[in-house]
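Architecture and fold: a report
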Amino acid sequence: MLVRDTIANAVAAALEQASRDGAISVDSVPDIEIERPNNSEHGDFATNLPLRLARSARANPLQLAQLIADRIELSSEIDSVAPAAPGFINFKLSESWLQQQVETVRDAGDSFGASNVGDGRKVMVEFVSVNPTGPVHVGHTRGAVLGSALANTLAAAGYDVTREYYINDAGSQMEAFYRSVWTRYRQALGRDAEMPDNGYQGDYIADIASEIIDANGPGYLDQSDATAVREIGDVAREKMVTLIRDDLDAIGVTFDNWFSERWLFQSPDTPDSDYDRAMARLREDGHLAERSGALWFISTALGDERDNVVVRSSGEPTYFASDIAYHYNKFAQREFDRVIDIWGADHQGHVPRMKAAVQALGMEPDDLTVLISQMVTLKRGDETVRASKRTGDFVTLRELVDEVGTDACRYFFLARAPSTQMEFDLELATRESSENPVYYVQYAHARNASILNLAHERGIDYSRGDVSLLIHPNELELIRTMLRLPELVVQVAENLEPHHLPHYATELATAFHHFYENCRVISTNAEDNDLTLARLKLVSAAQVAFRRTLSLMGMSAPDRMDRD
RNA sequence: GUCCCAGUAGCUCAGUGGACAGAGCGGCUGCCUUCUAAGCAGCUGGCCGCGGGUUCGAAUCCUGCCUGGGACGCCA
């Protein structure tokens, strides 16, 4: 159990006792919130319960604080409980308990920070899901990093996580992509061919075409237009998906499953596809209506602003129809308890209708969470870079990683709340300098590793180190900071806000740098031997915290960082 | 026009009901004979977009406005 919960329970018990004693009479007890005070002079934890109770108890909040504080039973974790104006109760952790946590963290190792709030529930995080019509670009990278860090954290919080990429490989944009490749293919072989109006202009189309020529030759020229587009399209799509997978891999983003949109329309085991079943269910419950030759989903009945077409008058299902079938598959077929979709800002308008569709399918709409990852505006100095896949003028994930590096890139994207637009100054980001906070964190880990290496070289066995010798303020501060990780994991998993991770990482690094500066670990002085052993234990515990934090963010934890 | 997101230090951003508003970068000073100076210490710097409201208490909640971005298709 987290200390925070222990304190909350103790406060609740104290309030109950005060009520029995007749010292306090309240109509209703609000939720007891235990927070971390901004100012460390106020202790490690605090509650504002007396302030919130004052009205219904018709009493002075400071007096209430005193009455409750008097009845709080001290456990081994808590050193002191103190009422404070205007009506807080402050808690201070005991030094001996903090010291003991060094052992606990070391014992926990890679499971440090794990919790079980997820209780093994099946959750899918579906993210990136870029149409395979072009490479992943900078804007998608943000969602990719967000999704992977979130999935890591949910797994640490005890969820059974599946990371999925939805490949939109049906539909008209893919058709345009196929035709674009076909056009470049013919042009490369000296034929007259005109790019379709909605064609993709990027150089990568021509690259794919020439790769196909190298591998498969000019044979497609002899086929009918329709056959050639289909066959060349199949090859081009595979190439594109592979390229996307490799690019994402370069930034440490991997998936458990790549789900093809086309699977929704074909079912190997049963006569009905997911699409058939989802539509049948909607139809049964009266959510579909035919108007002017098309089939509509009546989402206005469920609070959406307008109805949406699911089957065009041409008989072709829309993208939205696929999405309905896909979510039917996620919930009804694969039985996920919870689904988190990460979409780009350009899809934000689709959230209400997707929620409505989930509800219409008979699922609980709250089991679907859609996170919107806002736009990334690119700049080179003062100049704004317009990103458009159609015109081919965009910065790819690959280019970004090559220039900035995986770790810096992940840190940079992760550190911002996804709901806010961000500016990415390529000039600044690509400048090699110490301006990047990622170095600050990794350097702390490298210093940490360096100490342990030296201890190892000198054959120092610190397994018998006595942690009760850790009384320096910087030592205790480091321990306190380490201990926030488990709370953070729970918080990130509950609020789906991974951007707290990098900020925590920075604070952990600060605590370590302070410790490093003021507490010499491996002493040359023989009489300091006991302290050396104790501090080595602390350093190894801190290493656990660094590794866990960095790995949740998907960043590397280098043992050395050498500057030329 | 309707809807969504944002506006906090020179810059990039944390902080969503509490106790004097934070970090990094930038700028100015200092600190390397012992575990990496990609570090540390100090200074500089903010009517938290503007106006009302709710509250014992508002950067945080409500409301109006201003500014910037996005979405509103039988495209995906």
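Figured I'd write up the structure that's included with this text. (Residues numbered from 1 in each chain as written. Chains lettered and ligands numbered in written order. Predicted model: local features only at pLDDT ≥ 70, side-chain atom pairs only at ≥ 80, totals over all residues. Heavy atoms only, no water.)

1. Quick look at the pairing of strand 4 (residues 88-93)
Taken together, the three bridges between strand 2 (residues 45-47) and strand 4 define a ladder with antiparallel strand orientation. Each residue of the ladder has a partner; that of Phe45, found in strand 4, is Phe91. In this sheet, strand 4 lies alongside strand 3 (residues 78-84) in antiparallel orientation, the contact comprising six bridges. Considered in strand 4, the bridge of Val81 is made with Phe91. (Pairing = 2+ DSSP bridges. Helix = DSSP H or I, 4+ residues; strand = E, 2+ residues; numbered from the N terminus.)

2. Brief notes about the sheet that holds strand 1 (residues 34-35)
Spatial strand order, 1-2-4-3: four strands in an open sheet with antiparallel pairing. Edge positions in the open sheet fall to strand 1 and strand 3, since each of these has one partner strand only. Bridge count between strand 1 and strand 2: two bridges; the pairing is antiparallel. What sits directly across from Ile34, in strand 2, is Thr47.

3. Focus on the packing of aromatic side chains
Counting across every chain of the model gives 17 aromatic pairs. Where Phe297 meets Phe320, the ring centres are 5.9 Å apart and the plane angle is 55 degrees; that geometry is what we call tilted. Placement of Phe297 in strand 9 (residues 294-297) and of Phe320 in helix 10 (residues 319-333) is noted, with a sequence separation of 23 residues between them. Relative accessible area serves as the criterion here: at 3%, Phe320 is assigned to the buried category. Grouped by ring-pair contacts, the aromatic residues Phe127, Tyr165, Phe255 and Trp258 constitute a single cluster. Against the face of Trp296 rests Arg291, its NZ or CZ located 5.6 Å from the ring centre. Looking at Arg416, its charged tip hangs above the ring of Phe412, at a distance of 4.3 Å from the centre. (Phe/Tyr/Trp six-rings, centres within 6.5 Å; stacked < 30°, edge-to-face > 60°. Buried < 20%, exposed > 50% of the residue type's maximum accessible area, 1.4 Å probe, protein only. Lys NZ or Arg CZ within 6 Å of the ring centre and 35° of its normal.)

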